[in-house]
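# Chains, contacts and geometry: an overview
As a plain string of letters, each chain reads:
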Amino acid sequence: MKPLFTLLLALLTVQVLVAQPHVATAPANQLTVTAHPGIELFTIVQLLAGKYPLPNKSAYTAEVEAYFTPFANHPAVRQARRLPKVYTDLPELGYCFDNFPAVRIHYPAHTNWYALNGEDTIQTYMRLCQQFFEDSHFWAFYQRHQVDYAAWAQPVQAQLTSQGLISKLDSFYRFRTQAAHWTILLDPLNSWGAHAIMAKNLNPRYADQVVYNVGFLTNKLTASGVPTFSLGAEAIMLVWHEGSHIYTAALQQRYKADIGKLAYLLNQADPGMKHNNIDNWAHCFDENLVRGIVIALFRQYQPPKEARKQAAREVVEDFQYAGAIADVISARYLGQRTDQNFKQFFPEVLAYLARKYPTAASATQ
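Residues numbered from 1 in each chain as written. Predicted model: local features only at pLDDT ≥ 70, side-chain atom pairs only at ≥ 80, totals over all residues. Heavy atoms only, no water.

With that out of the way, let us pick up the overall build of the chain. If you tally the helices and strands in the chain, you get 17 helices and six strands. Accessible surface, the chain: about 16,200 Å² in total, of which carbon and sulfur atoms supply 53%. (Helix = DSSP H or I, 4+ residues; strand = E, 2+ residues; numbered from the N terminus. Areas by Shrake-Rupley, 256 points an atom, 1.4 Å probe, with all protein chains shown as cover.)

What follows covers the confidence of the model for the chain. With 88% of its residues at a pLDDT of 70 or more, the chain shows a mean pLDDT of 86. Across residues 1-28, confidence stays below pLDDT 50; counting only partners more than four residues off in sequence or on other chains, it has 101 contacts. (pLDDT = per-residue confidence, 0-100. Contact = heavy atoms within 4.5 Å.)

This part is about the packing of helix α3 (residues 75-82) against helix α5 (residues 119-135). It is at 8 Å that the axes of α3 and α5 come closest, and there the two elements cross at 150°. As the angle between them shows, α3 and α5 are arranged roughly antiparallel. Here α3 runs over α5; the crossing is left-handed. Contacts between α3 and α5 involve Pro75, Ala76, Val77, Gln79 and Ala80 from the former and Thr121, Thr124, Tyr125, Leu128, Cys129, Gln131 and Phe132 from the latter. Its residues assigned to classes, the contact of α3 with α5 comprises eight nonpolar, four polar and no charged. (Axes fitted to C-alpha atoms, helices over the stretch in contact; angles between N-to-C directions. Parallel < 35°, antiparallel > 145°, perpendicular 65-115°, else oblique. Left-handed = near helix turned anticlockwise from the far one by under 90°. Nonpolar A, V, L, I, M, F, W, Y, C, P; charged D, E, K, R; others polar.)

On to the sheet that holds strand β1 (residues 31-34), then. The strand order across the open sheet built from four strands is β1-β4-β6-β5, with neighbouring strands paired in mixed fashion. One side of each edge strand has no neighbouring strand; the edge strands of this open sheet are β1 and β5 (194-197). Taken over all neighbouring pairs, the strand axes of this sheet differ in orientation by 15° on average, direction set aside. Bridge count between β5 and strand β6 (residues 209-215): four bridges; the pairing is antiparallel. Pairing of Ala194 across the sheet is with Val214, part of β6. Across the sheet, helix α10 (residues 235-254) touches β4 (181-187), β5 and β6, and the angle it forms with β6 is around 135°. (Pairing = 2+ DSSP bridges.)

Judged by how many residues are buried, β6 sits mostly within the fold: seven of seven residues are covered. Pairing geometry for β4 and β6, over seven bridges, is parallel. The residue of β6 that forms the bridge with His181 is Gln209. (Buried < 20%, exposed > 50% of the residue type's maximum accessible area, 1.4 Å probe, protein only.)

Along its 21 residues, helix α13 (residues 281-301) runs 30 Å from first to last C-alpha, staying within 8% of the 30 Å computed at 1.5 Å per residue. In terms of burial, α13 is largely enclosed, as 18 of its 21 residues are buried. Looking at where α13 begins, the residue whose side-chain oxygen comes 3.2 Å from the main-chain nitrogen of Ala282 is Asn280. (Expected span 1.5 Å × (residues − 1). Polar contact = N/O pair within 3.5 Å; in protein donor to acceptor, adjacent residues only side chain to side chain.)

Enumeration according to the criterion identifies 41 aromatic pairs in this entry. With a centroid separation of 5.8 Å and 65° between ring planes, the pair formed by Tyr95 and Tyr206 is classed as edge-to-face. Remark: Tyr206 occurs in the loop between α9 (199-202) and β6 and Tyr95 occurs in the loop between α3 and β2 (97-98); sequence separation between them is 111 residues. Ring plane angle 85° and centroid distance 5.5 Å describe the contact between Tyr173 and Phe342, whose orientation is recorded as edge-to-face. Highlighted residues: Tyr173 in helix α8 (residues 165-173) and Phe342 in helix α16 (residues 342-356), separated in sequence by 169 residues. (Phe/Tyr/Trp six-rings, centres within 6.5 Å; stacked < 30°, edge-to-face > 60°.)

What follows is about α8. Within α8, nine of the nine residues are buried, which leaves the element mostly enclosed by the surrounding structure. Looking one or two residues past α8, Arg174 carries a phi angle of roughly 65°, positive in sign.

Glancing now at the pattern of salt bridges. With the rule as written, the count across this model stands at eight salt bridges. The salt bridge involving Asp258 is made with Lys261; its shortest N-O contact spans 3.8 Å. Looking at Asp258, the relative accessible area reads 32%, which means it is partly exposed. A salt bridge links Glu287 to Arg291; the shortest N-O distance between them is 2.9 Å. Separated by four residues within a single helix, Glu287 and Arg291 lie in helix α13, roughly one turn from each other. The buried category is assigned to Glu287, whose relative accessible area is 3%. By relative accessible area, which is 11% here, Arg291 ends up buried. It is possible to trace a salt-bridge network through shared partners that takes in Asp98, Arg104 and Arg205. (Salt bridge = Lys/Arg side-chain N within 4 Å of Asp/Glu carboxyl O.)

Attention now goes to the environment of Tyr52. Its place among the elements puts Tyr52 in the loop between α1 (37-48) and α2 (59-68). The exposure class assigned to Tyr52 is buried, which follows from its relative accessible area of 7%. Beyond its immediate sequence surroundings of up to four residues, Tyr52 is in contact with Thr43, Gln46, Leu47, Thr88, Pro91, Leu189, Asn190 and Trp192. At 3.0 Å, the side chain of Tyr52 forms a polar contact with the side chain of Trp192.

As a further point, take the pairing of β4. A large share of β4 lies buried, amounting to seven of its seven residues. Both faces of β4 are covered, namely the face carrying His181, Thr183, Leu185 and Asp187 and the face carrying Trp182, Ile184 and Leu186. For β1 and β4, the ladder comprises four bridges, and the chain directions are parallel. In the strand pairing of β4, Thr34 is matched with Leu185.

As C-alpha cells, then:
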C-alpha cells in the first residue's frame with residue numbers, strides 16, 4: 001500500500017513469544033502525533049495548483065481556502081502546475097523542511113521525485129515553497145491552529161498507546177538496538193489515504209524516525225464541521241503494514257540481487273498486477289513481503305479466525321506469495337530462535353520462495 005500508522009517498545013528484552021505474549025507499552029515520548037508544518041505547506045501549494053485531490057469539507061478546509069486563495073498565482077503554485085509528474089504523496093518533500101519558523105531546507109541526495117521531474121526542477125520547487133512560506137505568512141496560520149492539531153492528535157495517540165501495536169511490531173523485528181521514534185502526521189487536507197515516509201532518505205537528520213501520515217477520510221462533515229482522526233479498526237493494518245514497509249526497506253536494498261533472482265515469479269499479464277498498479281518484481285516482492293509479515297502478526301496476536309480472514313484478503317487482492325511468506329515466518333521464525341532477528345532470518349524467506357516456486361509455472365499452481 002504505499003498508500004497508508006503508530007508506538008514503541010522501551011528497551012526490548014527478546015523472549016520466546018507464545019500465542020498471546022505480553023508486550024511492553026512504549027513510553028509516550030517515543031510517539032509523536034501532530035500536523036507537520038512542512039507537509040501542510042506543500043499540500044496547500046499543490047492544492048492551490050489543482051494538483052491534489054479535493055479535501056473533505058471541514059471548518060479547517062474552509063479556513064485554508066479563505067486564507068491561501070489570494071496566493072493562488074504565487075511562483076510556487078505556478079511551478080507546481082508545471083511539474084510533469086505530480087502525485088498525492090509529493091507533499092512528503094515538506095519533511096525536508098525543519099527549524100521552523102526560520103526554515104532550513106535539506107535537499108535529498110536521491111529521491112524518486114528527481115527521477116520523475118528532474119533534480120533542478122524539484123529543488124527549485126522546494127525553494128519556491130520556502131518563499132511561499134514567507135510570503136503567505138504560513139507560520140502565523142499554522143500557529144493559529146496549534147490547539148486544533150493537539151486536539152486531533154489526542155485520540156490517535158491514546159489508541160496507539162493502549163493497543164501497543166508498534167511495540168508488537170518492534171518485538172517482531174528484534175533488530176533495533178534502541179527504540180526508534182514514531183511520528184504520525186495528521187493531514188486534515190488529505191482525503192485519499194495514508195503514506196509511509198522514508199525519513200532518512202528525505203532528511204537524514206531524522207533517520208531514527210519511523211514516519212507516516214494519515215488523512216482525514218470521512219466525507220460526512222459540512223463546511224463548519226471539525227475534523228476527527230481515529231484510526232479505528234484500520235490501526236492494525238496501518239501500523240503493521242506501513243511500518244513494515246519502512247522497517248524492511250534497507251533490508252530489501254541489501255538483498256536486491258537475491259530478490260532479483262526470483263523475478264520469474266512476476267506475471268505482468270496477470271490482471272491482479274494491473275489492478276494493484278504493480279509493473280515490476282521489486283514492487284511486487286515488497287508488497288507480498290509486507291503483507292506476509294502482517295499475516296504472521298495476525299496469527300501471533302489476533303484470533304485464528306481473524307488471521308484466516310487476513311490471509312484470504314491477500315489472496316483476493318492477488319498477492320499470491322504473501323501466504324507462503326507468512327508460513328515460513330510462522331514456522332521458522334516466530335516462537336523459534338530468540339537469538340535471531342528478522343535481518344538475520346530474511347535470507348530464509350528468499351530461499352523458501354525459491355524452493356516452493358522453482359519455476360514460473362509452479363507459482364501459478
